[in-house]
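Structure at a glance
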Amino acid sequence: MYTLILVLGICAAALFLAGFARGLRNAVIEYRRGKPEPTEVPDYNYVGMAAISVVISATVIALVGVAPMWIYAGPLMVLGTAAGIGVAFFVERPSA
Amino acid sequence: MDKSIFASMPSLTPSLGFASMIGLGLFSLALSYAVKTLLVRNTHDFIIADRRVGFGFGVASVISVWTWAMAVMMSSAMTFQWGLSGLFWFVVPNGLAVMAMIPFARVLRRNMPEGYTISEFIQYRFERSRVATGIVTLTMIFGIILEILINLKGTSVVVSTVFGIDWKVATIVGIVCVLAYSYFGGLWTSVLTGTLNTLMITVPAAIIVAAVFAAVPGGSEAVFNAVGDAGAQNLSVLRPDAAAGFGITLAFGLLAATVSDQTFWQKVWAIKSRDVGRTFLWAGALFYPIPICLGMLGLVGIAAGLTPADIGGDIAAIGPYIVAHIGLPLTLVLLYVLVILAACYSTIDGASSALSSIVAVDIVKRYFPATPERLLFPITKFSVLLGGVIATIIVLSGVDFTTLVLTTYALKTSILLPLILAILWPKTNTVGFVGGVVASIAIGMPIYEMVGELAGTLSIVAIGGLAVVGCGLMDSKEFDVTQLRRVSDEIASPAPGAE
């Protein structure tokens, strides 16, 4: 399991850093361009997603008490956090 | 499985400790200097990043300021003390508190697009009431100093425990490292270094926890069985004593910690408006795995039968103790220290950046509106250092900062419902807001002292809310939220060549 987490960790870090580089490049380009940012705040349905994340987290903690293999869910999920942030950089739309 | 698996590690010398602290500081300083050159020209850029913080940086930086050094350690400590119930009650409200910002953030960003601070919102919301604005400004400043103080103290304890460095020296070195790089780029620096610190928290945390379980004879199965043998309640998330002991109080405290914290409001106005809602959603959801992962170290402590006395009396030290004594390679121990340092640095630089926005907008521009940009910019930059210096003096003086903790707690909790209602309920008025905060402190705090944390916290929150609702219902006036749209940018970017 340690080796698997190490390998996945390297992949997650690579995705994170690739996203970071993209985000930084976009930030500098947008800053130099100097065009005002739009001010609209879109309606975004977040309640369902928020509830799902709470339920998943609570369930994983409960499952740690059911079987020892769930102990590794935390380390695997935290790699998902690093990868998720990397993905966030690629999901974002640079300003026109 | 017993305590014999733990042994001290002689190779953790003070010079390694200094190298870790200073190395991370120098790396951040180099990044900060690049940020200053590329992205920061004036006060507006310094305190609000020209409102151009994108989705990725937004998510990572919110996670980084929310991941306190103490949170890294407390997730293990709560598991160690209460079993999985402790982890459950520590984790669930934590991510929820970040996501709870979404409705308020969206309302304020939509209606007050040129805002900077929550205190500035209160100023316009309550007809420039000096009392209402003063209470909120003071609450934010107290909260920021406490954030810096707790992180500084926690880090100095860890570094001194692991490397044998004098804790006072560790405090000074730590704060100098953070303030040196925070001074240059303001919010952009905080966002970029915080983002990289989130990487330094997440991936190493996974590797270290997996390595700890690999180092235990019998691995996760042995730990699981030993934890169950130590007490079946350790493997349950349904212990009522954990909920009553700290869980419910912590949930309110965490909610107050985000909604009543300028560190988060600064980001609300700095992130691109189209990304504000989903940034806090992703940040809350992606934050969850961090304490879940690190909480697993607490199970190792239970399984080995460690007691608080074995680890120096403070259960917060359970994570550092296990990692430093279970026989991991030196690089992994250093990596764990870096996790804590990254959490500490990113929270302190986020708090320092928030303080600079308060100084610029709520103090200098409010009381000296004619201050020119050429003077405002250096004052704002200098103010980044202020919170760190004050917090360091408090930590080094050795005084018991219980009073500061209690005062900040009282202010933040009492302000929680009045602030939420001020944002969401147009009938909230100045008398209700100020009366609610004052009444909840005056009546709620004695209840807190006499009856206990849970009843006290619920009383403080309820009194504040009832006072606001009562005064609002007695008054026929309604606040027109569209007025906020006319609030001009207090510190707009000066046109090139204007200064």
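Note that this is a predicted model, so its numbers are computed, not measured.

This paragraph deals with the overall build of chain B. From N to C terminus, chain B includes 20 helices and 0 strands. Principal-axis analysis of the C-alpha atoms places the extent of chain B at approximately 70 × 50 × 40 Å. With 499 residues in all, chain B has 65% of them scored as buried. Pairs at least 24 residues apart make up 86% of the contacts formed inside chain B by residues separated by at least 6 positions. Summed over all atoms, the accessible surface of chain B reaches about 15,900 Å², with 68% contributed by carbon and sulfur. Here chain B contributes 27 positive and 27 negative side-chain charges, whose respective centroids are spaced 10 Å apart.

Let's shift gears to the overall build of chain A. Within chain A, the regular secondary structure consists of 3 helices and 0 strands. Listing every helix and strand of chain A by position from the N terminus yields α-α-α. Relative to the compact-globule value of 12 Å for 96 residues, chain A shows a C-alpha radius of gyration of 18 Å, a clear excess of over 25%. Considered along the principal axes of its C-alpha atoms, chain A spans approximately 55 × 35 × 10 Å. Burial analysis of chain A (96 residues in total) assigns 46% to the buried set. A total of about 4,800 Å² of accessible surface is found on chain A, and carbon and sulfur atoms cover 73% of it.

Attention shifts here to the side chain of N42(B). All names here are of chain B. Of note, N42 is situated in the loop between α1 (14–39) and α2 (43–48). You can call N42 buried: its relative accessible area is 8%. Here D45 takes part through its backbone nitrogen, which lies 2.9 Å from a polar atom of the side chain of N42.

Residues and elements named next belong to chain B. With respect to the element layout, D50 can be found in the loop between α2 and α3 (55–66). Given a relative accessible area of 17%, D50 falls into the buried group. Reaching out from D50, the side chain makes a polar contact with the side chain of H44 at a distance of 3.0 Å.

Let's shift gears to the interface of chain B and chain A. Taken together, the contact pairs 65 residues of chain B with 62 residues of chain A. Taking both sides of the interface into account, the surface hidden between chain B and chain A amounts to around 5,600 Å²; carbon and sulfur atoms contribute 74%. Contact with chain A buries area across many residues of chain B, yet R52(B), F224(B) and R274(B) alone supply 13% of it, more than any other trio. Our count for the chain B to chain A interface comes out at 4 salt bridges. The partner of K272(B) in a salt bridge is E30(A), and the shortest N-O contact between them spans 2.8 Å. At the boundary of chain B with chain A, the tally comes to 14 residue pairs in polar contact (both at pLDDT 80 or more).

All right, on to the environment of S95(A) then. Along the chain, the position of S95(A) falls in the segment after α3 (73–91). S95(A) sits 70 residues away from R25(A) along the chain, and the two C-alpha atoms are 12 Å apart. Discounting residues that sit within four places of it in the chain, S95(A) has contacts with E30(A), R33(A), E37(A), K272(B) and R274(B).

Let's shift gears to unusual backbone geometry. All names here are of chain B. Even without being glycine, R51 reaches a positive phi, approximately 55°. Relative to the helices and strands, R51 resides in the loop between α2 and α3. Judged by its relative accessible area of 8%, R51 is buried. Phi at R128 takes a positive value of approximately 60°, unusual for a residue other than glycine. Looking at the element boundaries, R128 is found in the loop between α7 (118–125) and α8 (130–163).

All names here are of chain B. For chain B, the assigned domains are domain 1 (13–399) and domain 2 (401–487). Between the C-alpha centres of domain 1 and domain 2 there is a distance of 25 Å. Counting residues at the interface gives 41 residues for domain 1, matched by 35 residues for domain 2. Regarding the contact of domain 1 and domain 2, the summed buried area is about 3,600 Å², with carbon and sulfur atoms giving 78% of it. Three residues stand out in domain 1 for area buried against domain 2, namely N111, R125 and F126, and they jointly supply 18% of the buried area on that side. Note that E127 is salt-bridged to K477, the shortest N-O span being 4.0 Å. Between domain 1 and domain 2 we count 6 residue pairs in polar contact (both at pLDDT 80 or more) in total. If you list the elements that add at least two residues to the side of domain 1 that touches domain 2, you get α6 (101–111), α7, α8 and α11 (240–259). In terms of residue count, α8 provides more of the side of domain 1 that touches domain 2 than any other element does, 12 residues in total. Grouping the amino acids of the side of domain 1 that touches domain 2 by side-chain chemistry returns 27 nonpolar, 6 polar and 8 charged.

Moving on: a nonpolar patch on the surface. A contiguous nonpolar surface patch, about 330 Å² in accessible area, is contributed by M1(A), L4(A), L8(A) and L76(A). Within the fold, L4(A) resides in helix α1 (residues 2–33).

Turning to the state of the cysteines, a few remarks are in order. Under the criterion given, the structure shown has 0 disulfides over all chains. Not part of a disulfide, C11(A) finds its nearest cysteine sulfur in C293(B), a span of 17 Å.

Moving on, we get to the nonpolar core. Residue and element names in this part refer to chain B. Among the nonpolar cores identified, the biggest contains 204 residues, and F121, W188 and F433 are the most heavily contacted of them. Among the elements that take part in this core, helix α9 (residues 167–215) stands out by supplying 25 residues, more than any other. The residue makeup of this core includes at least three contributed by each of domain 1 (13–399) and domain 2 (401–487). If sequence neighbours within four positions are ignored, F433 has contacts with I122, F126, A132, V136, I415, P418, L419, A422 and V468. Among the nonpolar cores identified, the runner-up in size contains 5 residues, and A410, M445, Y448 and I460 belong to it.

Okay, the pattern of salt bridges next. Within the structure shown, the criterion is met by 11 salt bridges over all chains. Salt-bridge contacts for D43(A) lead to R110(B); the nearest nitrogen and oxygen are separated by 3.1 Å. Separated into two different chains, D43(A) in the loop between α1 and α2 (47–64) and R110(B) in helix α6 make up a pair that spans both. For D43(A), a relative accessible area of 66% gives the class exposed. Via salt bridges that share partners, E37(A), D50(B) and R52(B) belong to a single interconnected network.

What counts, and where the lines are drawn
Throughout this document, residue positions are counted from 1 along each chain, in the order its sequence is written. Just so you know, chain letters begin at A and ligand numbers begin at 1, following the order they were written in. Only residues with pLDDT of at least 70 get local features here, since the model is predicted, and only at 80 or more are side-chain atom pairs given and counted; chain-wide, interface and lining totals rely on the full set of residues. Calculated side-chain values reflect all of the structure's heavy atoms, with hydrogen atoms and water omitted. Helix numbering and strand numbering both begin at the N terminus, where a helix is a DSSP run of H or I of at least 4 residues and a strand a DSSP run of E of at least 2. Relative accessibility thresholds used throughout: buried, under 20% of the residue-type maximum; exposed, over 50%; partly exposed, between the two (1.4 Å probe, protein chains only). Contacts between residues were defined by any pair of non-hydrogen atoms, one from each residue, lying within 4.5 Å. Here the Shrake-Rupley method, with its probe set to 1.4 Å, supplies the accessible areas, and only the displayed protein chains count as covering residues. Asp and Glu are treated as the negative residues and Lys and Arg as the positive ones, with His and the ends of the chain left uncounted. Charge positions come from single atoms, namely NZ of Lys, CZ of Arg, CG of Asp or CD of Glu. Only C-alpha atoms enter the radius of gyration; for comparison, a globular chain is expected to reach 2.2 Å times N to the power 0.38, where N is the number of residues. Two N or O atoms form a polar contact when they lie within 3.5 Å of each other; inside protein one atom must be a possible hydrogen donor and the other a possible acceptor, and for residues adjacent in sequence the pair counts only when both atoms belong to side chains. The buried area of a pairing is the accessible area, by a 1.4 Å probe, that goes missing from both parts when the two are put together, added over both. By definition here, a salt bridge exists when the distance from a side-chain nitrogen of Lys or Arg to a carboxyl oxygen of Asp or Glu is within 4 Å. Domain segmentation is taken from an automatic or database assignment of domains. Nonpolar residues are Ala, Val, Leu, Ile, Met, Phe, Trp, Tyr, Cys and Pro. Charged residues are Asp, Glu, Lys and Arg, and all others, Gly as well, are polar. For patches, a residue must show more than 30% relative accessible area and have no salt bridge; joins then use 9 Å for like charges and 5 Å for nonpolar side chains, namely Val, Leu, Ile, Met, Phe, Trp and Tyr. For this text, the term disulfide refers to a pair of cysteine sulfurs within 2.5 Å. Working definition of a nonpolar core: buried Ala, Val, Leu, Ile, Met, Phe, Trp, Tyr and Cys residues. They are joined through side-chain atoms within 4.5 Å.

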